[in-house]
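Results of the structural survey
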Amino acid sequence: MRKLVVGLVLAVLLVVGMLLSALLGQLDVSPSEVVGSLLRAVGIPNPWAPDDPVIESSLWVVRFPRIVMAIVVGAALATAGAVMQAIFGNPLAEPGVVGVSSGAALGAAIAISLGLTALGEYGIAILAFAGGLLATLLVYVVSRANGRTEVVTLLLTGIAVNAFAGAGLAFVLFATSTANREQIVFWQLGSLGGSLWREVLVVAVVAVAGVIVSIVLGRRYDLLALGERNARHLGLDVERLRLVSIVVVALLTGVAVAFVGIIAFVGLVVPHVMRMLLGPRHRGLIVFSALGGAVLMLAADLLARTVVSGAELPIGMLTSLVGGPFFFFLLWRQRRRSGGWA
């Protein structure tokens, strides 16, 4: 019953968020025009479709791809967070722990500073994705010893790789031009502005595949929650599960941040809230985390576009404003439960 209620609430919030995102902006659009434009696109003639080509272009070139991008990016990041928390057995884990975000930031900074045009408009996205994936694989390879990967070692290696990537990013910022420096900083802050349908398609394909794989692995995450030793006794190949999961996290997070920049805390906040509402079973948790991530990203993007008239706030800043205090709350809650930091 609780799952049904939560699912209905999230579905309603998602639909409302999509409608508001289509309506609100610098150009006024009525609900009937949005519905009419969608109906005409699927071949249903109707009297509500907008006659003004500016409105039609605004909907299909600017707002609709941005809405879909927010949904798939939010779902990808929240799913990656749920998987991270499952394989680490820690509700404070999130995708940035394994170096995806810092590696992607370094890759994007290198692409911007070198002015790579050989790869066309995808140059920044490709290097950002490659940087995130390579950082993640480096963390895994370095932390693996004697055929096993200890969680603590993985976390410590992730911290080291994050620090190294941060130093590399600082060097690029120091060495590049002022114009490139401003572009790198803006990219790091995150934005869904300028999303194109072909970019949305790339993110959507990876996000859907990653979510499906994560759902399929859900029962294995339930076994892993019993403890590594117990999971092995029950026939679970923990190392293979951890490797596949880390690759899935790298793909989901890498493809998301490659096109929209660094979006913090979505992978931390959403899975934890869903776990508190629905319990620890991972198949349902991953499904509802993906839905909740989509809702959160839509809401954040809507605020980013409308809270300041005539300007757009960085969406990464808004998610950090929500996620930062929530992270402190989790730390405080964990400390109270354990009776201290030791």
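Now for a look at the structure at hand. This structure is a prediction, so every number in the text was calculated from the model and none was measured.

As a packed pair, helix H3 (residues 53-88) and helix H8 (residues 197-216) sit with axes 9 Å apart at the nearest point and diverge in direction by 25 degrees. Of the possible angle classes, the one that applies to H3 and H8 is roughly parallel. Crossing of H3 against H8: the hand is left-handed. Residue-level contacts link Trp60, Phe64, Pro65, Val68, Met69, Val72, Val73, Ala75, Ala76, Thr79 and Val83 of H3 to Trp197, Glu199, Val200, Val203, Ala204, Ala207, Val211 and Ser214 of H8. The residue makeup of the contact of H3 with H8, split by class, is 16 nonpolar, two polar and one charged.

Take the packing of H8 against helix H13 (residues 282-306) next. Contact geometry of H8 with H13 gives a least axis separation of 8 Å together with a crossing angle of 160 degrees. Taken as axis vectors, H8 and H13 run roughly antiparallel relative to one another. Crossing geometry of H8 relative to H13 is assigned as right-handed. Across from Val211, Ser214, Ile215 and Val216 in H8, the residues of H13 making contact are Arg283, Ile286 and Val287.

Now for helix H1 (residues 2-23). Compared with the 32 Å implied by 1.5 Å per residue over 22 residues, the 32 Å span of H1 between its first and last C-alpha is a close match. Along H1, the residues classified as buried are Val6, Gly7, Leu10, Leu14, Gly17, Ser21, Ala22 and Leu23. In this structure, the buried side of H1 is in contact with helix H2 (31-41), H3, helix H12 (266-278) and H13. Of the residues one or two after H1, Gly25 is the one with positive phi, at around 160 degrees.

Turning next to the pattern of salt bridges. This model, assessed by the stated rule, comprises six salt bridges. Arg232 is the salt-bridge partner of Glu239, the closest N and O atoms lying 4.0 Å from each other. Since its relative accessible area comes to 10%, Glu239 is described here as buried. Note that Asp237 and Arg240 form a salt bridge whose closest N and O atoms lie 3.8 Å from each other. Here Arg240 falls in the exposed class, since its relative accessible area comes to 57%.

Structurally, Ser37 is set in helix H2. Under the relative-accessibility criterion, Ser37 is labelled buried at 1%. Setting aside residues no more than four positions away along its own chain, Ser37 makes contact with Ala49, Pro50, Glu56, Leu59 and Trp60.

Parameters at a glance
- Residues numbered from 1 in each chain as written.
- Predicted model: local features only at pLDDT ≥ 70, side-chain atom pairs only at ≥ 80, totals over all residues.
- Heavy atoms only, no water.
- Axes fitted to C-alpha atoms, helices over the stretch in contact; angles between N-to-C directions.
- Helix = DSSP H or I, 4+ residues; strand = E, 2+ residues; numbered from the N terminus.
- Parallel < 35°, antiparallel > 145°, perpendicular 65-115°, else oblique.
- Left-handed = near helix turned anticlockwise from the far one by under 90°.
- Contact = heavy atoms within 4.5 Å.
- Nonpolar A, V, L, I, M, F, W, Y, C, P; charged D, E, K, R; others polar.
- Expected span 1.5 Å × (residues − 1).
- Buried < 20%, exposed > 50% of the residue type's maximum accessible area, 1.4 Å probe, protein only.
- Salt bridge = Lys/Arg side-chain N within 4 Å of Asp/Glu carboxyl O.

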